Amino acid sequence: RRIVWVGLAGGLFVGMGVAVWLRRVAFVESLWSVAGVLCVGLAAPSTLHVVFDPQTAPVNRGIMLGAWGCGVLLALSVGGSMGYLLFGEGRFHLRMGYEAWLGARLLFAKSKSHAVSFITLLSVCAVGMGACATVVVLGVMNGFHADLRDKILGANAHVLLMHSSGTLQNAEQVLAKTTRLRGVAGAGPFVLGEGMVAAGKQLSGALIKGIDVARVGSVNALPTNMVAGSLRDLGGEAPLLATPTADANPAGGGPRGIPDSRDVINRVSTKDKEGGAQAQQNSGIIVGQEMAEQLDLAVGDVVRLISPLGGELGPAGPMPKATAFRVVGIFYSGYFEYDAKSVYISLTAAQDFFGLGQGVTGIEYAAVDPESAGAVAAAVQRRLGGYPYYTRDWRQMSHSLFSALQLEKLVMAVILITLVAMASLLILVVLVMVVMERGKEIAILKSMGATNVSVAKIFVVYGLSIGALGACAGTALGVAVCRVLGTLSLGLDPQVYYISHVPVRMCPVEVAAVACCTVVLSFLATVPAALFGAKAPPVQGLREG
């Protein structure tokens, strides 16, 4: 962002300075300068590491560099045009008394040709429709981006703290040191590992997460995402049937080829009678709605978690470990990857399943403001003294996804602004026609002492008024359309899009930026025709008139 702002501000002032020095807009020089900078950047990609993340794809770099170059060229052109209009007479001249009055009169004066009036109206409509489309598209994209971000943050913590060894042994001590830091809304330990969920002969890969039931509500939105069962039934007892097995799909007495819960209890009761062990229920497990549909699971069913590690050694080597859990809940986050792959068990059950003892994978934190998660992560790491502890915030964990979304938004904005620029060319056509139609009036003004800069200002005011009308009308229409879309809540198929309606979220800064950019593009479209009219010889205009 700093480089973008420096490029825009620098281009504006450099363009103005060159125009003051050369007494002209110097558009050609600006074009060649930007092209040279972009060529150097593309030819020497190693120099771009100070700007881009080394993991950024070359295509993304090229698109971002192209967008930056267009922005700088735009700033140079605007600066050059303003420099010529303000200093083109050899001195600073800001007043636009009669120029503004004549420009406004030209806009509302009756034209000799109906074609000029029609194209003027057409240009206002074209610029307005371009601005409207840009506002609506950015609003919908912001809505999808915000909805996806909320779903990701609802299923994950804002900050993760982990140990370089892979296991954190002093979780409670770390929590006592960090939970009261500024910006921390909640914290809790977790265990994370990979495995498989078996339901009869059906298998599904899973990301197994052990959570502290008492603290999970302060870290993520799992309690509010429950659509069946209860989080309180997750339990904390050690699971049963934690026996190594070489067969991933043994036959059982349940409806899906898995042991029925009553059979499990009966087996434990028999063992209790024979060996004096105490009988206990299965620990609970919570699965995502997508996984529940894939494996045909319901609350009360028994599934087995299978881990390739943790089992005993057999004749063929390490044997996988299978453990039975009872489904006590089903959650729906709205994000397919989580709903299809994530399962939750209690923290103690996860420690036993992965053989961690009293250790945990790490600690997850919720920030008061998700946008300040980076600052919270840095504060936690400083409090613990750095290595061997390290932190990651939600932006780093979903860097690729959000970078792709930002790039998509940038490309769409560039395409739509390009359409606005194409629509602004109609203003150029209108001004050329007006200049040719008003040649006699221009000659009379010049014979009365009007300078080339003054004549150019008249047509700049005329074209800028057309662009401003289109920008204001289009922006207002775009805001209205966004509000209507948000009110109507146009339905979508949740099975396909995982959202029930079209999300719309407008950003006031972006709406203002679209309006300003439209006006700036309209201003640039007026400059060539204004210069053409200003440099016309007065004798030729009087002769033709």
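Everything numeric in this text was worked out from a predicted model, so none of it was measured. (Residues numbered from 1 in each chain as written. Predicted model: local features only at pLDDT ≥ 70, side-chain atom pairs only at ≥ 80, totals over all residues. Heavy atoms only, no water.)

Undergrad: Explain the overall build of the protein to me, and be specific about the residues and the numbers.
TA: Within the protein one finds 19 helices and 13 strands. Relative to its 545 residues, the protein shows a buried fraction of 45%. Restricting the contact set of the protein to residue pairs at least 6 apart, pairs at least 24 apart contribute 81%. As displayed, the protein offers around 27400 Å² of accessible surface, 64% of which is attributable to carbon and sulfur atoms. (Helix = DSSP H or I, 4+ residues; strand = E, 2+ residues; numbered from the N terminus. Buried < 20%, exposed > 50% of the residue type's maximum accessible area, 1.4 Å probe, protein only. Contact = heavy atoms within 4.5 Å. Areas by Shrake-Rupley, 256 points an atom, 1.4 Å probe, with all protein chains shown as cover.)

Undergrad: Lay out the nonpolar core with the relevant residues and their values.
TA: Formed by 50 residues in total, the largest nonpolar core has its most connected members in Ile 285, Val 287, Ile 363 and Tyr 365. In this view, Ile 285 contacts Leu 234, Val 303, Leu 305, Phe 325, Arg 326, Val 327, Val 328, Gly 329, Val 343, Tyr 344 and Ile 345; residues no more than four positions away in its chain are not counted. Judged by nonpolar contacts, the second largest core, of 34 residues, contains Leu 106, Val 430, Leu 431 and Val 527. (Core = buried A, V, L, I, M, F, W, Y, C linked by side-chain atoms within 4.5 Å.)

Undergrad: Which residues make up the environment of Val 343, and what values go with them?
TA: Along the chain, Val 343 turns up in strand β11 (residues 342-346). The exposure class assigned to Val 343 is buried, which follows from its relative accessible area of 0%. For the pair Val 343 and Ala 206, spaced 137 residues apart in the sequence, the C-alpha separation amounts to 6.6 Å. Setting aside anything within four residues of it in sequence, one finds Val 343 in contact with Val 197, Ala 206, Leu 207, Ile 208, Lys 209, Ile 285, Ile 286, Val 287 and Met 291.

Undergrad: For the confidence of the model for the protein, give the residues involved together with the corresponding values.
TA: On average, residues of the protein carry a pLDDT of 78, and 81% of them reach 70 or more. Per-element averaging of pLDDT across the protein places helix α8 (residues 261-275) at the bottom with 34 and strand β6 (residues 284-288) at the top with 93. This model gives residues 236-281 a pLDDT under 50, and the stretch forms 88 contacts once residues within four places in sequence are excluded. (pLDDT = per-residue confidence, 0-100.)

Undergrad: Which residues make up a nonpolar patch on the surface, and what values go with them?
TA: A cluster of nonpolar side chains, Phe 27, Val 28, Leu 31 and Trp 32, forms an exposed patch at the surface whose accessible area comes to about 450 Å². With respect to the secondary-structure elements, Phe 27 resides in helix α2 (residues 27-43). (Patch = residues over 30% accessible without salt bridge, like charges linked within 9 Å, V, L, I, M, F, W, Y side chains within 5 Å. Salt bridge = Lys/Arg side-chain N within 4 Å of Asp/Glu carboxyl O.)

Undergrad: Please provide a residue-by-residue account of helix α4 (residues 97-108), values included.
TA: For α4, spanning 12 residues, the distance from its first C-alpha to its last is 18 Å, which sits close to the expected 16 Å at 1.5 Å a residue. For α4, every residue scored as buried is listed here: Glu 99, Gly 103, Leu 106 and Leu 107. For α4, the arc enclosing every buried residue in end-on projection is 100 degrees, short of the 170-degree limit, so these residues lie on one face. Exposed and facing more than 90 degrees away from the buried side of α4 are Trp 101 and Phe 108. Where α4 is buried, its residues meet α16 (452-488). (Expected span 1.5 Å × (residues − 1). Arc of directions from axis to C-beta.)

Undergrad: Break down unusual backbone geometry for me, with residues and values.
TA: Cis geometry marks the peptide bond from Tyr 387 to Pro 388; its omega dihedral reads 10 degrees. Note on placement: Pro 388 falls in the loop between α12 (373-383) and β13 (389-393). Within the chain, Asp 296 stands out as a residue other than glycine whose phi angle is a positive 55 degrees. Among the structural elements, Asp 296 can be located in the loop between α9 (289-295) and β7 (302-307). Taking the relative accessible area as the measure of exposure, Asp 296 reaches 49% and is therefore partly exposed.

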